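So you can see what is in the structure, the chains are spelled out below.
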2 protein chains.
Amino acid sequence: MPTLDPHPRQNHLLAALPAADAERIFPQLEYVPMPLGHVLYESGIQMRHIYFPTTSIVSLLYVMEDGASAEIAVVGNEGIVGVSLFMGGETTPSRAVVQSAGHAYRWSGPALKDEFYLAGPMQRLLLRYTQSLMTQMAQTAVCNRHHTLDQQFCRWLLLSLDRLSSNELVMTQELIANMLGVRREGVTEAAGNVQRAGLITYQRGHITVIDRPGLEARTCECYAVVKKELDRLLPYSNAL
Amino acid sequence: MPTLDPHPRQNHLLAALPAADAERIFPQLEYVPMPLGHVLYESGIQMRHIYFPTTSIVSLLYVMEDGASAEIAVVGNEGIVGVSLFMGGETTPSRAVVQSAGHAYRWSGPALKDEFYLAGPMQRLLLRYTQSLMTQMAQTAVCNRHHTLDQQFCRWLLLSLDRLSSNELVMTQELIANMLGVRREGVTEAAGNVQRAGLITYQRGHITVIDRPGLEARTCECYAVVKKELDRLLPYSNAL
DNA sequence: GTCAATCTGTCTGCTGGCGCACATACGGCC
DNA sequence: GGCCGTATGTGCGCCAGCAGACAGATTGAC
């Protein structure tokens, strides 16, 4: 973690707020732990809060009738969980699960909506982030259609890595398989390939990235598209 | 077509506007033809207008570096093309192509934004539609991951059908393959299967649906999820 | 009516990922 | 230090969809 003291500005959207807005909004936020596996909201169930992750990562998953699942998007300190609160739907047909433990700031739905209708900088940030989230979803669809498991594994790794401030990730192959919507054995093979190529080391749920550029070269264009679009929509300069 | 005279209310979002708002907005709209194959906007290029299809269908496609493509979502008279104009990004990394010829109303970007910031019924409709579009994208990702070409073909057919007021679709297998991001031969086989099952007849670019419930039974859950979510977010009662 | 372009059907490998069944290896706990 | 649960590696047959080549069929233009 870059800072030990928790602060809302560890989330990039909150960090981008002008001082006047921050002064109004920050006191309304509640700092909460995000334990691994915690379900923030369930398909079709109304959510009460919107979450601004700081050190945690959250996966948006769709779980099918037969129990199989697929990740739709991943959210970390660059974004928010719960866009449907201000988009007007209140619920979505997906599930949000903490994929990497940490913390987040949460904001109650009604307070968020009041702020949203002020049509100030916060609204602008929320909508822009939502657009970047759409790009991520779209690219996930494309990637699922056209790219190999090896490429998708690298893309997933990079997306997760970008949302942490470390080059290590705690995650079993079983869980990665759930996210990607593939078999655990498939992940074993992909991870083995990438490890043999010297890009990562994998040890019982601990992935350490050795050669990040190597990973970027090995993945498909989807990673770059998503990252570039996020940077374009929400340039992050004023980090804490 | 249910009505011969073109009218903005043939688009479901415009139809849902209260009279006062309609009076203000409708005069700003321009009725335009949407010829087959017309590109409304290209990846990364700023769009000038937002489109409200009435009798046309538009596909949102992502085109990869190697030229392969995949459909991300499909938009007809239930929605709009160009959400990034009010979401703030101005562009998206995808392409919008007319998949079924017809007409649409278009609205200039600046005028749209003025209306958006009034935070009235139009804003509410636009945001809710955007959320339903996100659901469609997410479900496309899931479907691409888990379901067979047969199922996806049926899903695609039903989604397109819902956006027309006819049980016939003009579309070659080659084009469908582009949309789904699969080989043309794959579509031939899927279409053959569905035809042999007596659900459609296919003749040189003309698909006629015979047994709609049969199609619904043959497709995956993805179709129902998308449709249900659209109905929930934007119940369409006051049709023209 | 003829011809050419376009659209559709089919065949032959081939490969990536699935499903299932095991064989390990690590690592914390008593 | 041994044990057990959890995590990982690997083998096999199988199948959906790919790649490419080609044969028929329909349509529209002349």
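Residue numbers run consecutively from 1 along every chain, following the written order of its sequence. Both sets of labels track the order of writing: A upward for chains, 1 upward for ligands. Per-residue local features of the predicted model are confined to residues with pLDDT of at least 70, and side-chain atom pairs are confined, for both listing and counting, to 80 or more; whole-chain, interface and lining totals are unaffected and use all residues. Hydrogens and water molecules were not included; the side-chain quantities draw on all heavy atoms of the structure.

Visitor: What is the right way to look at the packing of helix 5 (residues 121–146) of chain B against helix 10 (residues 221–233) of chain B in this model?
Guide: In a pair of packed helices, the angle between the axes and the distance between the axes together describe the arrangement. All names here are of chain B. Between helix 5 and helix 10, whose axes approach to 9 Å, the crossing angle comes to 170°. In terms of orientation, helix 5 and helix 10 fall into the roughly antiparallel class. Along the contact surface, helix 5 presents Arg 128, Gln 131, Ser 132, Thr 135, Gln 136, Gln 139 and Cys 143, while helix 10 presents Cys 222, Val 225, Val 226, Glu 229, Leu 230, Arg 232 and Leu 233. Under the convention adopted here, Pro, Cys and the residues Ala, Val, Leu, Ile, Met, Phe, Trp and Tyr are nonpolar, Asp, Glu, Lys and Arg are charged, and Gly plus all remaining residues are polar. Residue composition of the contact of helix 5 with helix 10, grouped by class: 6 nonpolar, 5 polar and 3 charged. For helices, the fitted axis covers only the stretch in contact; all axes are lines through C-alpha atoms, and the angles between them, taken along N-to-C directions, range from 0 to 180 degrees. Only DSSP runs of H or I covering at least 4 residues are called helices, and only runs of E covering at least 2 are called strands; the numbering of each starts at the N terminus. For classification purposes, an angle smaller than 35 degrees is called roughly parallel, one larger than 145 roughly antiparallel, one from 65 to 115 roughly perpendicular, and anything else oblique. Residues count as neighbours in contact if any of their non-hydrogen atoms are within 4.5 Å of one another.

Visitor: I would appreciate a short explanation of the state of the cysteines in the present structure.
Guide: Formally, a disulfide is one covalent bond, and it connects the sulfur atom of one cysteine to the sulfur atom of another. Residues and elements named next belong to chain B. Cysteine sulfur pairs qualify as disulfides if the two atoms are within 2.5 Å. Throughout the structure, instances matching the rule amount to 0 disulfides over all chains. Cysteine Cys 154 shares no disulfide, and the gap to the nearest cysteine sulfur, in Cys 220, comes to 8.6 Å. Only protein chains enter the accessibility calculation, which uses a 1.4 Å probe; a residue whose area is less than 20% of its type maximum is buried, one above 50% is exposed, and one in between is partly exposed. The exposure class assigned to Cys 154 is buried, which follows from its relative accessible area of 0%.

Visitor: What should I look at first to understand the relation of the copies chain B and chain A in this one?
Guide: Mapping between the two chain copies consists of a rotation about an axis together with a translation along that axis. In the superposition of chain B on chain A (RMSD 0.0 Å, axial shift 0.0 Å), the rotation amounts to 180°. Here the two chains are linked by the operation of a two-fold rotation axis. Rotation axis and chain B: the residue whose C-alpha lies nearest the axis is Ala141(B), separated from it by 1.8 Å. Most of the interface of chain B is mirrored in chain A, where 100% of its interface residues are also at the interface. Copies overlap after least-squares fitting; the atoms used are the C-alpha atoms of residues with pLDDT of at least 70 in both.

Visitor: What exactly am I supposed to notice about the side chain of Glu221(A) here?
Guide: With respect to the secondary-structure elements, Glu221(A) resides in helix 10 (residues 221–233). None of His or the chain ends enter the tally, which takes Lys and Arg as positive and Asp and Glu as negative. We define a salt bridge as a contact between a side-chain nitrogen of Lys or Arg and a carboxyl oxygen of Asp or Glu at a distance within 4 Å. Summary of buried charges: Glu221(A) has no salt-bridge partner, and the nearest side chain of opposite charge, Lys228(A), is 10 Å away. At a separation of 2.9 Å, a polar atom in the side chain of Glu221(A) contacts the side chain of Tyr62(B). Think of a polar contact as two N or O atoms within 3.5 Å of one another; within protein, one of them needs to be a possible hydrogen donor and the other a possible acceptor, and neighboring residues in sequence only count if both atoms come from side chains. A polar contact is formed between the side chain of Glu221(A) and the backbone nitrogen of Glu65(B), at a distance of 3.1 Å. Excluding anything up to four places from it in sequence, Glu221(A) contacts Tyr62(B), Met64(B) and Glu65(B).

Visitor: What exactly am I supposed to notice about the interface of chain B and chain A here?
Guide: Quite often, the size of an interface is put as the accessible area lost when its parts meet. With 47 residues of chain B at the contact, the number on the chain A side is 47 residues. By buried area we mean the combined loss of accessible area, with a 1.4 Å probe, across both parts when two parts are placed together. Together, the buried faces of chain B and chain A total about 3700 Å²; carbon and sulfur atoms form 60% of this surface. The tally of links between chain B and chain A comes to 0 salt bridges. When residues of the side of chain B that touches chain A are traced back to their parent elements, those giving at least two are strand 5 (69–75), helix 3 (84–87), helix 5 and helix 10 of chain B.

Visitor: Would you explain the protein's contact with DNA strand C in this entry?
Guide: By convention in these notes, a residue is near a molecule or strand provided one of its non-hydrogen atoms lies within 4 Å of it. Around DNA strand C there are 14 residues in total, and Leu149(A), Arg183(A), Arg184(B), Arg204(B) and Gly205(B) lie nearest to it. When atoms of DNA strand C within 4 Å of the protein are split into backbone and base, the sugar-phosphate part holds 49%. Examining the composition of the surface near DNA strand C, we find that 3 residues originate from one element, helix 8 (residues 184–196) of chain B, more than from any other. By residue class, the composition of the surface near DNA strand C is 3 nonpolar, 5 polar and 6 charged.

Visitor: Honestly, the pairing of strand 3 (residues 49–53) of chain A in this entry has me stumped. Any pointers?
Guide: The two faces of a sheet get side chains in turn, since along a regular strand they alternate between them. Residues and elements named next belong to chain A. Most of strand 3 sits out of view: 5 of its 5 residues are buried. Residue alternation in strand 3 divides its side chains into two sets, His 49, Tyr 51 and Pro 53 and Ile 50 and Phe 52, and both sets are buried. Inspection of the sheet shows strand 3 paired to strand 7 (residues 102–108) by 5 bridges, in the antiparallel sense. Bridge pairing links Pro 53 to Ala 104 in strand 7. Here the rule is simple: two strands pair whenever DSSP picks up at least two bridges between them.

Visitor: For this particular structure, what's the right way to read the nonpolar core?
Guide: When a protein is soluble and globular, its nonpolar side chains tend to lie buried together. What is meant by a nonpolar core is a set of buried Ala, Val, Leu, Ile, Met, Phe, Trp, Tyr and Cys residues, joined one to another through side-chain atoms within 4.5 Å. Residues Phe86(A) and Phe86(B) are the most contacted members of the largest nonpolar core, which totals 102 residues. Discounting residues that sit within four places of it in the chain, Phe86(A) has contacts with Ile50(A), Ile80(A), Leu112(A), Phe116(A), Leu126(A), Leu127(A), Thr130(A) and Leu127(B).

Visitor: For this particular structure, what's the right way to read the protein's contact with DNA strand D?
Guide: Taken together, 14 residues surround DNA strand D, and among them Gln173(A), Arg204(A), Gly205(A), Leu149(B) and Arg183(B) come closest. Between Gln173(A) and DNA strand D, the recorded distance is 2.9 Å, taken from a backbone N or O atom to a phosphate oxygen. A distance of 2.8 Å separates a phosphate oxygen of DNA strand D from a polar atom in the backbone of Gly205(A). Top element by residues in the surface near DNA strand D is helix 8 (residues 184–196) of chain A. It accounts for 3 residues. The residue makeup of the surface near DNA strand D, split by class, is 3 nonpolar, 5 polar and 6 charged.

Visitor: Please explain the sheet that holds strand 9 (residues 200–203) of chain B as it appears in this structure.
Guide: As a general point, the strands of a sheet are linked pairwise by backbone hydrogen bonds and lie either parallel or antiparallel. Residue and element names in this part refer to chain B. Spatially, 8-10-9 is the arrangement adopted by the 3 strands of the open sheet, whose pairing is antiparallel. The outermost strands of the open sheet, each flanked by one partner alone, are strand 8 (168–170) and strand 9. Mean inter-strand twist for the sheet, computed between neighbouring axes without regard to direction, equals 15°. Note that strand 8 and strand 10 (residues 206–209) share 3 bridges and pair antiparallel.

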